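Results of the structural survey
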Amino acid sequence: MTDAMVTLTIDNQEVACPDGSTVYEAATAAGIHIPTFCHHEKLTPVGACRMCLVEIEGVHGLQTSCTTPAREGMVAMVHTSPAAVKARKANIEFLLTNHPLDCPVCDKGGECPLQDQAMLDGPGQSRYIEDKRLKEKRYPLGEFIVLDQERCVLCWRCIRFLDEWADDHELDLFGRGADTRIDTFPGRPLRSKWQGNTIDICPVGALTSRVFRFEARVWELTNTPSVCAMCAVGCNIELGVKNNELRRITPRENMQVNDVWICDKGRFAHAFVDHPDRLKQPLIRHNGELQPATWDEALDLIARRLGQIIQDSGPQAIAGLGSTRITNEANYLFQRFMRTVVGTHSVDHLRRMPTGAEPLASLPDLEDRDVILLLGCDPSTEAPLVELWIKKAALRHGAVILAASSHRPELAGSGLWLGYRPGTEAILMNGMARAILDAGLERQSSRATNKQDFETVLDLYAPNQVQERTGVSAEALYHAASVLAKASNPIVLYGAEWMQGPTPDASLDALANVSLLLGGIDIGFVAEDCNTLGTLEMGTVPDLYPGGQSVQGADARVRNRLAGLWGGGLSPVEGLGFDGMMQAGKEGSLQAMWIIGSDPARDCQDAGSVLGQIPFLIVQDLFMTDTASLAEVVLPSASFAETDGSYINLTGRYQSIRAAMRPPGLAWPDWWIVKEVAKCLMSGERGKATNAWEFSSAADVMTEIVKVLGSHNTRYRGLDYGAMGEQGWQRPQPERRIQRTFAVDKVGSPAGQAAAPPDYPLILVSGRQFYDRGTLLRCSEPIQRVVPDAFVAIHPVDADSLGLVDGEEVSVVSASGRLGLKARISDEVVPGVVFAPRNLSAAPLSVLGADPWTPIFVRIVK
Amino acid sequence: MLGSGGVIVINEQACIVRLTERLAEFYRHESCGKCIPCREGTDWMLKIVQRIENGQGRTADLDLLLDICDNISGKSFCPLGDAAVGPVRSSVERFRSEYEYHIREKRCLVGASAQAKV
């Protein structure tokens, strides 16, 4: 579309619109309502429903305004043309002839465009006295959607959405004429992870949610704007609550995040919020059993025990574990509590964003990319909405998707996928640098001073050498390198898998070198959890204060400022990270630990036995997790639907969430619990003034957070919930480090790394599945029906040599454990690598190795 | 529009209502279903003509048929809607008395069925 404008007359009103707009768009922008059923602003027009007919002067017959381009000087008549008005009224009458008119039992009633249009413009009485056509009235299209073919007006919006956005061609029209109906292909129910969106755009009650069906009339719902907490994208949503139960989640438009779409996990998996197994009151261990207690009892006990431990063993005997799934406010107060009230920097969280990783800068910007390289990253399972933006680039603008990872990502599809052996990330990238140089495709602008040195170290990366180490064919690597190098606007997205090799720094350096070689192409890290960025930014790590100021390296000014603000001195002793905490726990020097929103006993090998030995363990969570069952005190916390607060999404966008309902029982928001514990402890033995912990709302906490962040970055000033509004607040982009020289010291040689031990010839990598059996999704029955059985994917070559057949039960054996899984023989992995999803099996993958994010050497036995 | 160039010759013994029913059935069957006026209109017109043919017609049906024709004509996505209107509109306009006889007497004015229906 050009910037040129055209001026036309619609209903005697002069209207200017950008050249290329349709008459419908011009009229809508001018506030002239034209009803539509098939047209949807996010879908290509088809002109099928004929609701938007208008008269155009000098043109024979009525025209569909959704397909007619607005032209200079055009005179269009919407409501001033008797013919057009009659045609639209007639169309409503036609639609209603066979519509069942069962609005009183229809979920769409109250938010139904057909109902609205019939009320606005339809005839009060029908002239239709014939029998209505009968079709299927409750026809499940899959686990999540039921189709009423009688209500359907055949607008094709659902079909077009799945074709044009999701690229999941699962719905179509069958039959013809009056017998036409929407259906799936025989034996292939809807599987798309985007199917829920078709419910929103259905202009009638044909597609209804099997999760929400008959749960409430829509006008009974109180809708609260919020943000999805299922992944790091942070899709904008509305929480529909009735009688303090979360009945429905629908998307809210945010063009910087999720457009108007959300994935089905975000939409349908909310049963955990109202699940009867939610923790509803504090529990205290008496005689080995966890028993219900009041908050006063729990807070008193915590204050007494922690106070005692600080006195007897010092603050370093206490450690805290925050979470990437709790709010900024909770994380901030938690680290402040640990640092000032307890007096230790031993505060950390699991799945920390890798050091040096720079987050993806923008989601909508992905649409304009012509080549997208995914490194150790599967957006479809880790951050689903990223998939939709990438598909938009691919489907609308022909962007090429390249992928390199140990497990083939969904988006690689039939495209180019470089399946490498885990741990060879850096070698692969150095091989790619060499390929770019060999093909003479480096950019002239890459005038780094030490290019000569770089070329010299890459001499070791001969194609056959790289192929042998990584398992990626030289031909494929050279092809991918040339596609990337020739791109005009490429981007590289990398995920946690890229950073889980033995030398993550080297993997990142190698990537940065390739970027420099190509003139500084954009790189973005795709975070996994809803507040991965916020947890780091709030300083829930031993080495950084909020805002990223180094604890050890901080100058006196920073320390004094924080100490002044927080009302307490800051310990000079270095704090422990999670591994250090586990080590201290093993050695018996850790006397107490407070864990919020994390389940290390399930996720990390041996953590359970260590945590079991810690004399005073406090666990704060939604459910009785493996970790909680080891605790002395269990504190019930509020879910994302029950608390105010904020998250920072994967592009660094602060987005606020609001309590849409009361927490169950006596559960409290995480930030509130931390504050109450702090006040209790402060008013006790230590006798400090407690007004430093007076926060009456999450907004108060945010005010203090901004004070801290704003003290070293003025651009944070002005940030508050008002600034976040309903569309979020993009935090200042960290200044992009302009790299001027190639990082050559860590390039090293591709040879000489540890080979697989002979007893365990295969490498196990793990990853996510879109639907799994994690703590939250386990609560949702419909989702559990679509979760695949636990499996281990084995390449056909390896399966042959082991004599395995597809679907066979096998044991995966590592040096530390054994797990029974179903074999899936598939080329989604390369020979020598096997893949098992996390959170699918009854037994956690952590029985096999140190933690689920590190590849493990295994063997497979029948 | 030249159409297929086909000509159908009908003798005086053919019942116009029965003939229109067959043509309306043809167009209902041929409608692809994409647009509302043609999909719903051809279905509705057939049902009305069938009803008249079966002796359950009402006087108001004739104006209703003409109005439905008007609501399809020029409103559909492709010319099939316009074509479907042709036989219904012209038969009602030119053989209105035969329709009226059908509605009143609940049988055909002409042809073999005129006897059969008595």
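Residues numbered from 1 in each chain as written. Chains lettered and ligands numbered in written order. Predicted model: local features only at pLDDT ≥ 70, side-chain atom pairs only at ≥ 80, totals over all residues. Heavy atoms only, no water.

Considering the interface of chain B and chain A
Rules: Contacts between residues were defined by any pair of non-hydrogen atoms, one from each residue, lying within 4.5 Å. Here, a salt bridge means any side-chain nitrogen of Lys or Arg that lies within 4 Å of a carboxyl oxygen of Asp or Glu. Identification of polar contacts relies on pairs of N or O atoms within 3.5 Å, with a donor-acceptor requirement for protein atoms, meaning one able to donate a hydrogen and the other able to accept it, and with residues adjacent in sequence counted only if both atoms are side-chain atoms. Secondary structure elements follow DSSP: runs of H or I no shorter than four residues count as helices, runs of E no shorter than two count as strands, and numbering proceeds from the N terminus.
In this assembly, 29 residues from chain B lie in contact with 30 residues from chain A. Counting across the interface, chain B meets chain A through 8 salt bridges. Arg133(A) is the partner of Glu40(B) in a salt bridge, and the nearest nitrogen-oxygen pair spans 2.9 Å. Counting the contacts that link chain B with chain A gives 21 residue pairs in polar contact (both at pLDDT 80 or more). Sorting the residues of the side of chain B that touches chain A by element identifies helix 1 (16-30), helix 2 (36-53) and helix 3 (60-72) of chain B as the ones contributing at least two each. With 10 residues, the top contributor of residues to the side of chain B that touches chain A is helix 2 of chain B.

Considering the sheet that holds strand 7 (residues 145-147) of chain A
Residues and elements named next belong to chain A. Stated precisely, the cut-off is as follows: Paired strands, in this sense, are two strands between which DSSP finds at least two bridges.
One open sheet holds the 3 strands; their spatial order is 6-7-10, and the pairing between them is antiparallel. Of all the strands in the sheet, just strand 6 (139-140) and strand 10 (207-209) have a single pairing partner and so form its edges. Pairing of strand 6 with strand 7, which is carried by 2 bridges, proceeds in the antiparallel orientation. Paired with Tyr139 across the two strands is Leu147, which belongs to strand 7.

Comments concerning the pattern of salt bridges
All names here are of chain A. Selection rule: Summary of the burial criterion: residues with accessible area below 20% of their type's maximum are buried, those above 50% are exposed, and those between are partly exposed, where the area comes from a 1.4 Å probe applied to protein chains only.
Inspection of every chain in the model, using the stated rule, returns 58 salt bridges over all chains. Of the charged contacts in the structure, one is a salt bridge between Arg151 and Asp102, with a shortest N-O distance of 3.0 Å. One end of the pair, Arg151, is in the loop between strand 7 and helix 4 (157-166); the other, Asp102, is in the loop between helix 2 (82-97) and helix 3 (113-121), and 49 residues separate them in sequence. Taking the relative accessible area as the measure of exposure, Arg151 reaches 5% and is therefore buried. By relative accessible area, Asp102 is classed as buried at 13%.

Overview of the nonpolar core
Residues and elements named next belong to chain A. So the rule is basically this: Throughout this description, the term nonpolar core refers to a set of buried Ala, Val, Leu, Ile, Met, Phe, Trp, Tyr and Cys residues connected via side-chain atoms within 4.5 Å.
Judged by nonpolar contacts, the single largest core of 260 residues is most densely connected at Val233, Phe337, Leu493, Trp594, Phe640 and Tyr654. Setting aside anything within four residues of it in sequence, one finds Phe337 in contact with Leu306, Val342, Trp594, Val674, Val677, Ala678, Leu681 and Trp693. Within the second largest apolar cluster, 23 residues are counted, among which are Ala584, Leu590, Met593 and Val634.

Observations concerning the packing of helix 8 (residues 328-342) of chain A against helix 21 (residues 670-682) of chain A
Residues and elements named next belong to chain A. This is how the line gets drawn: Inter-axis angles, ranging from 0 to 180 degrees, are taken between N-to-C directions of lines fitted to C-alpha atoms, where helices are fitted over the stretch in contact. Any angle between 65 and 115 degrees counts as roughly perpendicular, while under 35 counts as roughly parallel, over 145 as roughly antiparallel, and the rest as oblique. Left-handed is the label given to a crossing in which the near helix is rotated counterclockwise from the far helix by less than a right angle, and right-handed is the label when the rotation is clockwise. Residues are grouped as follows: Ala, Val, Leu, Ile, Met, Phe, Trp, Tyr, Cys and Pro are nonpolar; Asp, Glu, Lys and Arg are charged; every other residue, Gly included, is polar.
For the pair helix 8 and helix 21, interaxial distance at closest approach is 8 Å and the crossing angle is 20°. Taken together, the axes of helix 8 and helix 21 are roughly parallel relative to one another. Handedness of the crossing formed by helix 8 with helix 21: left-handed. Two secondary-structure elements touch here, helix 8 through Glu329, Ala330, Leu333, Phe334, Phe337 and Val341 and helix 21 through Asp670, Trp671, Val674, Lys675, Val677, Ala678, Leu681 and Met682. In the contact of helix 8 with helix 21, the residues fall into 11 nonpolar, no polar and 3 charged.

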